[in-house]
Amino acid sequence: MGMNETPSGERVHIAFFGRRNAGKSSLVNAVTGQELAIVSDIRGTTTDPVYKSMELLPLGPVVIIDTPGIDDEGELGLKRVGKTRQVLNKADLAVLVVDAVEGISSWEEEMIRLFEKKEIPYLVVYNKMDLLTGKSEQEPAVEHTAYVSARTREGIQQLKEQMARLTSQE
């Protein structure tokens, strides 16, 4: 079945999670090869989950979901985090975007626990690798880890291949 014949419910739903300004929207744009998501240096630019149905090779028909930051603050921020958590109920694959400069924090650790509790296959993607002098060896080894730069597109093709492998294991 091609993209136009595949109902949304039968597409692989790939959700991008992470802290504000980890580069989720930039990574969505790099993976899709399109300017789907608004990108800004201002924290909290993505205020609601953004859904985009498309054909993504080598995966096929997918729904890409860009989410607000899991560390948003304030009254509105808590509502955004609630919307982000609701996306977990739709995700067939979770992509946890980590700012490679900042590394993993308790926010990401909590998300990994949620992915595992809900049995959602996931990738931990260290973004902004172009800002480091080399790959960070100090980060804990996590199964299904990728290192990319959304800005330079380094590692994007390998990430897409990892995503395809994980979705085919379902």
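Going by the structure above, here's the rest.
The paragraphs below set out a description of the structure included in this document. What you see is a predicted model; the values in this text were computed from it and never measured.

To find leftover empty space, one rolls a probe the size of a water molecule over the atoms. By volume, the largest pocket amounts to about 410 Å³. Considering the residues around the largest pocket, the lining is formed by 24 residues, among which Asn21, Gly23, Ser26, Val39 and Ser40 are closest to the centre. Top contributing element to the lining of the largest pocket by residue count: helix α1 (residues 24-32), with three residues. Taken together, the residues of the lining of the largest pocket sort by class into seven nonpolar, eleven polar and six charged.

With that settled, the discussion passes to the nonpolar core. Ile14, Phe16, Leu27, Leu159 and Met163 are the most contacted members of the largest nonpolar core, which has 26 residues in total. When contributions to this core are tallied by element, the ones reaching two or more residues are β1 (12-18), α1, β2 (50-56), β3 (60-66), β4 (93-99), β5 (122-127) and α4 (156-168). With five residues, α4 is the single largest residue contributor to this core. When near neighbours in sequence (up to four residues on either side) are disregarded, Phe16 contacts Lys24, Leu27, Val28, Val31, Ile64, Ile65, Asp66, Thr67, Val95, Val97 and Met163. Core analysis: the second largest hydrophobic core is formed by 22 residues, Ile65, Val87, Leu88 and Ile104 among them.

Its place among the elements puts Asp99 in strand β4. Residue classification places Asp99 among the buried residues on the basis of a relative accessible area of 8%. Filtering out sequence-adjacent residues up to four positions away, Asp99 remains in contact with Asn21, Ala22, Asn127 and Lys128.

About the criteria used
Residues numbered from 1 in each chain as written. Predicted model: local features only at pLDDT ≥ 70, side-chain atom pairs only at ≥ 80, totals over all residues. Heavy atoms only, no water. 1 Å grid on protein atoms, 1.4 Å probe; cavity = no way out; pocket = protein on both sides within 12 Å on 5 of 7 lines; lining within 4 Å. Points joined across faces, edges and corners; volume = space filled by probe spheres on them. Helix = DSSP H or I, 4+ residues; strand = E, 2+ residues; numbered from the N terminus. Nonpolar A, V, L, I, M, F, W, Y, C, P; charged D, E, K, R; others polar. Core = buried A, V, L, I, M, F, W, Y, C linked by side-chain atoms within 4.5 Å. Buried < 20%, exposed > 50% of the residue type's maximum accessible area, 1.4 Å probe, protein only. Contact = heavy atoms within 4.5 Å.

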